[in-house]
Amino acid sequence: MASTTKAAETSTGFSIGGLFRRPEAGAFLGLVGVFVFFLVFGSMDFLKPNGAASWLNVAANLGIVAFPIGLLMIAGDLDISIGSMIPAGSMTVAIIAGYYGLPIWMGIGASLALGVVVGLINGFLVVRTNVPSLIVTLGTLFAVAGLVLGLSVLLTGTTSVALKAPELAKFVFGSFVGNTFQVIIFWWLALTAIYVFFIHFSPFGNWIFAMGGDRISARNAGIPTTKLTIALFVLSSTSAAFVGMCQAILFNSAQVSAGMSFIFNSIISVVVGGVLLTGGFGSIIGIFFGTITFAVVNQGIYFTSFDRNWSSLIIGVMLLLAVLMNNTFRSMALSYSPKKK
């Protein structure tokens, strides 16, 4: 019987050891550990609808941005301009549809178009100048932030603009389901499924991993590294603009100062999710788990009796432990070699 099981594992390529060597294994166990911690030191309110909404809403907004950031990191690049693209997306739709009273769909289209334009600029500068993507996107981070601030004051005379979206747009992009869960959660779950398909079940995923492993070899192998890099930057900026637009519709207003926290939060989520900072290693499911882990740690502290003055320390320690666990499983994956028959 044991030999039959062994043969089945060999024929199907499945084993428990292989499962735990996957990029998302450490992220999943880290998420389980975080859940157990807050269930022990907190209360069951953490899992009730209102409690679950507190961290699911954070995870959804962050996760939509974290996916393309993770893909860029797997490919060996980074985009920090998302910190200004989120308020840019929200202010664009608010000014067009809220301040000037134009149709909301024009505001939504303009918001997403702005994301495409900034992404194209980032991508072209990275591939044409060979300047590190961190420096390029640092420049566009401040440039877009200054542009949004200047145009907002010039056009509206203020840095905060009210927005009253029609019912359909509110229902699709900025409503609460059951008065607790943001509708963007469903966008996040749908995008997760799409990313899983394209990254893990299509040639595009292999191309991205190859770029992160060795970009020159990937180019010599015929992979369109230039087009793919530009596409990833467009995806990143457009995703950030989408989140900003959804927030403006949800909260009926937009401000120029929101969004900077997404830079570090998304990178933390991606790293906790098992993506290697040097590129070439990671998974969409891992990023999904990493995003939830960050959101749970960030919000779970409010369900415990701990002094809130210690919240940052607890959050930092728990995230560090999650990353260390991920590194352990990543080392297992990279050092593993199957036994010879």
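About the cut-offs
- Residues numbered from 1 in each chain as written.
- Predicted model: local features only at pLDDT ≥ 70, side-chain atom pairs only at ≥ 80, totals over all residues.
- Heavy atoms only, no water.
- Helix = DSSP H or I, 4+ residues; strand = E, 2+ residues; numbered from the N terminus.
- Patch = residues over 30% accessible without salt bridge, like charges linked within 9 Å, V, L, I, M, F, W, Y side chains within 5 Å.
- Areas by Shrake-Rupley, 256 points an atom, 1.4 Å probe, with all protein chains shown as cover.
- Salt bridge = Lys/Arg side-chain N within 4 Å of Asp/Glu carboxyl O.
- Buried < 20%, exposed > 50% of the residue type's maximum accessible area, 1.4 Å probe, protein only.
- Expected span 1.5 Å × (residues − 1).
- Contact = heavy atoms within 4.5 Å.
- Core = buried A, V, L, I, M, F, W, Y, C linked by side-chain atoms within 4.5 Å.

**Student:** Which residues make up unusual backbone geometry, and what values go with them?
**Tutor:** Although it is not a glycine, N179 sits at a positive phi angle of roughly 65 degrees. Looking at the element boundaries, N179 is found in the loop between β2 (176-177) and β3 (181-182).

**Student:** Please give an account of a nonpolar patch on the surface that cites residues and values.
**Tutor:** Side chains of Y99, Y100, L102, M106, L147, L151, L154 and L155 sit close together on the surface and give an oily, nonpolar patch of about 790 Å² of accessible area. Sorting elements by how many residues they give to the nonpolar patch places helix α7 (residues 133-156) first, with four residues. Within the fold, L154 resides in helix α7. Look at L154 and you get exposed, because its relative accessible area is 65%.

**Student:** Break down α7 for me, citing the residues and quoting the values.
**Tutor:** For α7, with 24 residues, the first-to-last C-alpha span of 33 Å sits near the 34 Å given by 1.5 Å per residue. The complete set of buried residues in α7 reads S133, V136, T137, T140, L141, V144, V148, S152 and T156. The inward-facing, buried residues of α7 abut α5 (82-99), α6 (104-129), β1 (160-162), α12 (225-251) and α13 (261-272). Backbone geometry just after α7 places G157 at a positive phi near 80 degrees.

**Student:** Let's hear about the nonpolar core: which residues, and what values?
**Tutor:** With 91 residues, the main nonpolar core has W55, I104, L163, W188, M245, I292 and V296 as its most contacted residues. Top element by residues in this core is helix α4 (residues 49-74). It accounts for 15 residues.

**Student:** Kindly report on α12, identifying the contributing residues and their values.
**Tutor:** The terminal C-alpha atoms of α12, which comprises 27 residues, lie 39 Å apart, in line with the 39 Å expected from a rise of 1.5 Å per residue. Across the 27 residues of α12, 22 count as buried, placing the element largely inside the fold. Phi turns positive one or two residues past the end of α12, at N252, with a value near 60 degrees.

**Student:** Tell me about the side chain of S269, and name the residues and values.
**Tutor:** Within the secondary structure, S269 sits in helix α13. Looking at S269, the relative accessible area reads 0%, which means it is buried. Among residues more than four places away in sequence, those in contact with S269 are L62, I287, G290, T291 and F294.

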